[in-house]
Amino acid sequence: QVQLVESGGGLVQPGGSLRLSCAASGRIFRIDAMGWYRQAPGKEREFVATITRGGTTNYSDSVKGRFTISRDNGKNMVYLQMNSLKPEDTAVYYCKMEVCSGPLCLDTNAYWGQGTQVTVSS
């Protein structure tokens with residue numbers, strides 16, 4: 001069993017910054033892809049950013065140049081540095097990790113955190 005816990009959300013003004021963190025614990029041999037997703041009220045959950053174990057990143061067009069995803073494999077953590085925040089960034093942010101529980105790692109299981117609220121408002 002794997003648990004993911006996000007932290008760092010809150011209320012910020014437009015143009016401000018937040019740093020989100022997500023820590024994984026439990027039965028973990030290796031974590032492959034890590035990512036951040038968000039869901040605004042009345043909208044479907046959407047992709048924000050992903051990072052491979054080797055550090056290759058991918059971003060949605062809406063956050064490219066403003067957000068930075070990073071990871072610490074030793075700590076089983078993923079981070080999202082959010083700069084130049086806009087009101088349209090307001091959403092619940094979820095972290096996701098692809099976890100294998102054994103050394104073969106032929107199959108991974110996806111785990112989601114509980115979400116952390118980010119509100120960007122004057």
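Keep in mind that this is a model prediction, so the values were computed, not measured. Counting starts from 1 at the beginning of each chain's written sequence and moves along it residue by residue. Per-residue local features of the predicted model are confined to residues with pLDDT of at least 70, and side-chain atom pairs are confined, for both listing and counting, to 80 or more; whole-chain, interface and lining totals are unaffected and use all residues. Side-chain figures throughout are based on the complete set of non-hydrogen atoms in the structure, without hydrogens or water.

Description of the pattern of salt bridges
Where charged atoms from two side chains of opposite charge come close, those side chains can pair.
Moving on, step 1. By salt bridge we mean one thing: a side-chain nitrogen of Lys or Arg within 4 Å of a carboxyl oxygen of Asp or Glu. Throughout the structure, instances matching the rule amount to six salt bridges.
Moving on, step 2. Arg-30 is the partner of Asp-32 in a salt bridge, and the nearest nitrogen-oxygen pair spans 2.9 Å.
Moving on, step 3. The buried label applies to any residue whose accessible area, calculated with a 1.4 Å probe on protein chains only, is under 20% of its type's maximum; exposed applies above 50%, and partly exposed to all values in between. Given a relative accessible area of 28%, Arg-30 falls into the partly exposed group.
Moving on, step 4. Across the pair Glu-46 and Arg-38 runs a salt bridge, and its minimum N-O distance is 2.7 Å.

Observations regarding the state of the cysteines
Moving on, step 1. We call a pair of cysteine sulfur atoms a disulfide when they lie within 2.5 Å. The full count for this structure, using the stated rule, is two disulfides.
Moving on, step 2. With a sulfur-sulfur separation of 1.9 Å, Cys-22 is cross-linked through a disulfide to Cys-95. Around the S-S axis, the bridge from Cys-22 to Cys-95 shows a dihedral of about 40° and counts as right-handed. Placement of Cys-22 in strand β3 (residues 18-26) and of Cys-95 in strand β9 (residues 91-100) is noted, with a sequence separation of 73 residues between them. Taken individually, Cys-22 and Cys-95 each receive the classification buried, so the pair is uniform in this respect.
Moving on, step 3. Between the sulfur atoms of Cys-100 and its disulfide partner Cys-105 the distance amounts to 2.1 Å. What sets the handedness of the Cys-100 and Cys-105 disulfide is the S-S torsion sign, and at about 50° it is right-handed. Across the pair, Cys-105 and Cys-100 agree in class, each one buried. Numbering of helices and strands runs from the N terminus; a helix is a DSSP stretch of H or I covering at least four residues, while a strand is a stretch of E covering at least two.

Honestly, it's all geometry; don't read function into it.
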